[in-house]
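Reading the structure
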Protein chains: 2
Amino acid sequence: MAGICNTDLEITKGYMGFKGVLGHEFVGLVEKINGPDQHLVGQRVVGEINCYCGTCDYCLKEMKTHCPNRFTLGIMNKDGAFAEYLTLPVSNLWPVPPQLPDEVAVFVEPLAAAFEILAQIHLSPTGRVLVLGDGKLGLLCAFVLDLAGLDVTVSGNHAEKLLLASEQGLITIHRPDLKPAKNYDVVIEATGSAAGVETAVQCLRPRGIIVLKSTMAAGKKMNLTPLVIDEITLLGSRCGPFGPALRTMAKGSLPLRRMITGIYRPEQCKEAFVKAGERGTLKILFDFR
Amino acid sequence: MAGICNTDLEITKGYMGFKGVLGHEFVGLVEKINGPDQHLVGQRVVGEINCYCGTCDYCLKEMKTHCPNRFTLGIMNKDGAFAEYLTLPVSNLWPVPPQLPDEVAVFVEPLAAAFEILAQIHLSPTGRVLVLGDGKLGLLCAFVLDLAGLDVTVSGNHAEKLLLASEQGLITIHRPDLKPAKNYDVVIEATGSAAGVETAVQCLRPRGIIVLKSTMAAGKKMNLTPLVIDEITLLGSRCGPFGPALRTMAKGSLPLRRMITGIYRPEQCKEAFVKAGERGTLKILFDFR
């Protein structure tokens, strides 16, 4: 199975200038191994999407996702997962625990991206966090930070998406009711809009942290002077670690299945992409089984 | 004596919407004290520019420069130092060591702003730093980071300003010769231009830090997507601690006197501001003595 990410939608609008097979969220079976590790054949796996050289400064410093020689599955110089077969180095693969169904395991890549926030910076569990955006990535970030003990509020436009957050015990605010008051320690920008960043600045306390989680074809523009006056930290955040994501999914406490809006056959590709781009849609999956 | 800061020039263009007496860099004599501390009368002092309430959450958490009730000398709700007399709370004052001449002591406020970088984040002395901009604040930031052991390069347009840096042992690059190669761990943006931020992104390694040191009347605009892809940290930085600035000035190793382009009488105010705004000018001082 494979999932459609907002990045896929952005690529169809020109982001990264990528031409090729899309798709970087998947779960699959190992069909063939070139080299040793033949025991992996037949194993159900998920895979990290950045293929690195292993010899540059970034690889040697455990910053492989920033390897300047990297290929990225379905995003840069490498065909992706919306296909019957794909290739990845063995070192990118993670076996999937048997109890995880395919339609849950396929969430590992975006859930890892949410964990990237905790990998990048120390966030005290006493902190107040505002997640701007109730889309797929916004909800996953909110769930991860909530599990880490933080006081999490999600703001978005969609009642049914916010319901998923409030049922997890998170505070939710319908976007028009959000009153910026510079009172959050951390704001996660997951709306993918320029307005989102401006709102983040207005909601953040002085010396707070804004985490940028969205990439998009059209750049965001913003006035940077408020960052200086309030000494704000703006932190870009991308791909994350699969280990914590798999461990968390295995516990079964996140409502990942309920984040699936629809499952399509590969032949329904166009229909699936149209649905993925509609307001109110959460995760769209392809089923190749 | 009092110094003209770029912020003063920006205020004359509309920044902060301030109407009143400008000036926030000064050294002076205490003429009168209301309350105890009468021993300070006659003492030569410099003064921190943010007057805080002392009772809000920010003040109680030692973040007084972000007190929401603050007045800021010559910038916000409080007349400044381009005058024969000014007032400040006693708690804002720092006695000036006798060996520091007035024309050096007057640099304490911008030098403290340079130290703010080290107060905000841990920078390893093994780091490679690029300072974009050879103006007053750029040079002071470069000097401070050099003293902290970092490998500092200054890029700017003015040969005579870069000479001050190279004579301190820093690497200098004439701006047109700067080849962005994503190879600096930290970039200090002190040009005050939108182009400066774009250049910073191109010179910074993935997961590096950009420190924004300039405030301006017209906001900077930039595309934020590269921040996400390279997981860059953008950090706004403003007023800093006077203690380390005074200790460093007392050592006499910084070429602060050579950063003075001209000293004017208060009656020459207009002339002084014109000179301060000219390309190639470093510090302009007023002499009220």
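The rules behind the values
- Residue indices begin from 1 for each chain and proceed along its sequence in written order.
- Each chain is given a letter, starting from A, and each ligand a number, starting from 1, according to the order in which they appear as written.
- Only residues with pLDDT of at least 70 get local features here, since the model is predicted, and only at 80 or more are side-chain atom pairs given and counted; chain-wide, interface and lining totals rely on the full set of residues.
- The basis for every side-chain value is the complete set of non-hydrogen atoms in the structure, without hydrogens or water.
- Pairs of residues are marked as contacts when any of their non-hydrogen atoms sit within 4.5 Å.
- The term buried area means the drop in 1.4 Å probe accessible area that two parts suffer when joined, counted for both and summed.
- We define a salt bridge as a contact between a side-chain nitrogen of Lys or Arg and a carboxyl oxygen of Asp or Glu at a distance within 4 Å.
- Contacts described as polar in this section are N or O atom pairs within 3.5 Å, which, within protein, must combine one atom able to donate a hydrogen with one able to accept it, while residues neighboring in sequence count only if both atoms come from side chains.
- Runs of H or I in DSSP of at least four residues are treated as helices and runs of E of at least two as strands, each being numbered from the N terminus.
- Only Asp, Glu, Lys and Arg are considered charged in this grouping, and only Ala, Val, Leu, Ile, Met, Phe, Trp, Tyr, Cys and Pro are considered nonpolar; every other residue, Gly among them, is considered polar.
- How far a helix is expected to stretch is found by multiplying one less than its residue total by 1.5 Å.
- Bend is computed residue by residue as the angle between axes fitted to the seven residues ending at the residue and the seven residues starting at it.
- Each residue gets one of three labels from its accessible area relative to the maximum for its type: buried under 20%, exposed over 50%, partly exposed in between, using a 1.4 Å probe on protein chains only.
- To get an axis, a line is fitted to the C-alpha atoms, and for a helix only the part in contact is used. The angle between two axes follows their N-to-C directions and goes from 0 to 180 degrees.
- Convention used here: angles under 35 degrees read as roughly parallel, angles over 145 as roughly antiparallel, angles from 65 to 115 as roughly perpendicular, and any remaining angle as oblique.
- Two helices cross in a left-handed way if the nearer one is turned anticlockwise from the farther one by less than a right angle. They cross in a right-handed way if the turn is clockwise.
- How far each domain reaches was decided by an automatic or database domain assignment.
- Strand pairing is defined by DSSP finding a minimum of two bridges between the two strands.

Glancing now at the interface of chain A and chain B. Listed by partner, the interface residues are 39 residues for chain A and 39 residues for chain B. On the chain A side of the contact with chain B, A:Leu224, A:Val228 and A:Glu231 bury the most area, a combined 19% of that side's loss. For the pair chain A and chain B, the number of links is two salt bridges. Here B:Glu116 ties to A:Arg207 by a salt bridge, and the two come within 3.4 Å at their closest N and O atoms. Linking chain A to chain B there are 13 residue pairs in polar contact (both at pLDDT 80 or more). At the level of secondary structure, the elements contributing two or more residues to the side of chain A that touches chain B comprise α4 (108–120), β12 (204–212), α8 (225–229) and β13 (233–236) of chain A. Across the side of chain A that touches chain B, the residue classes break down as 17 nonpolar, eleven polar and eleven charged.

For the rest of this paragraph, the subject is helix α4 (residues 108–120) of chain B. Residue and element names in this part refer to chain B. Compared with the 18 Å implied by 1.5 Å per residue over 13 residues, the 18 Å span of α4 between its first and last C-alpha is a close match. Its axis deflected by about 30° at Ala-114, α4 carries its strongest bend there. Of all 13 residues in α4, ten are buried, a share of seventy percent or more. When we look at burial in α4, the residues that qualify are Val-108, Glu-109, Pro-110, Leu-111, Ala-112, Ala-113, Ala-114, Phe-115, Glu-116 and Ile-117.

Residue and element names in this part refer to chain A. The contact between α4 and helix α5 (residues 136–147) brings their axes to 9 Å, and the two run at 50°. Taken together, the axes of α4 and α5 are oblique relative to one another. As α4 runs across α5, the sense of the crossing is right-handed. The segment α4 lies against α5, with Pro-110, Leu-111, Ala-113, Ala-114, Phe-115, Ile-117 and Leu-118 engaging Leu-137, Leu-140, Cys-141, Val-144 and Leu-145.

All names here are of chain A. Here chain A is partitioned into domain 1 (2–107 + 256–286) and domain 2 (113–236). For domain 1 and domain 2, the distance between their C-alpha centres works out to 25 Å. Every contact between the two is made by 16 residues of domain 1 and, on the other side, 16 residues of domain 2. Here domain 1 packs against domain 2, burying approximately 1300 Å² in sum over the two surfaces, 60% of which is carbon and sulfur. Looking at the side of domain 1 facing domain 2, the largest losses of area belong to Arg-258, Met-259 and Leu-282, adding up to 41% of the total buried there. Summed over the shared surface of domain 1 and domain 2, the number is one salt bridge. Glu-167 serves as the salt-bridge partner of Arg-258, at 2.5 Å between the closest nitrogen and oxygen. At the junction of domain 1 and domain 2, the tally comes to three residue pairs in polar contact (both at pLDDT 80 or more). Ranked by residues supplied to the side of domain 1 that touches domain 2, first place goes to helix α1 (residues 6–12) with three residues.

For the rest of this paragraph, the subject is the sheet that holds β13(A). Pairing is mixed in the open sheet, where twelve strands are placed in the order β10(A)-β9(A)-β8(A)-β11(A)-β12(A)-β13(A)-β13(B)-β12(B)-β11(B)-β8(B)-β9(B)-β10(B). The open sheet terminates on both sides in strands that have one partner only, identified here as β10 (171–174) of chain A together with β10 (171–174) of chain B. Taken pair by pair, the neighbouring strands of this sheet meet at an average axis angle of 20°, ignoring direction. Note: strand β9 (residues 151–156) of chain B against β10(B), four bridges, orientation parallel.

Here we come to the sheet that holds strand β14 (residues 260–264) of chain A. Residues and elements named next belong to chain A. Judged by pairing direction, the sheet is mixed, and its four strands sit side by side in the order β2-β1-β15-β14 without closing on themselves. Two strands close off the open sheet at either side, each with one partner strand: β2 (25–26) and β14. Sheet analysis places strand β1 (residues 2–4) next to strand β15 (residues 283–286), joined by three bridges and oriented antiparallel. Bridge assignment links Gly-3 to a residue of β15, and that residue is Leu-285.

Bringing the side chain of B:Thr248 into the picture now. Residues and elements named next belong to chain B. Structurally, the position occupied by Thr-248 is in helix α9 (residues 242–251). Judged by relative accessible area, which is 8%, Thr-248 ranks as buried. For Thr-248, the side chain forms a polar contact with the main-chain oxygen of Pro-244, separated by 2.8 Å. Here Thr-248 is in contact with Leu-111, Phe-115, Leu-147 and Leu-254, once residues within four sequence places are set aside.

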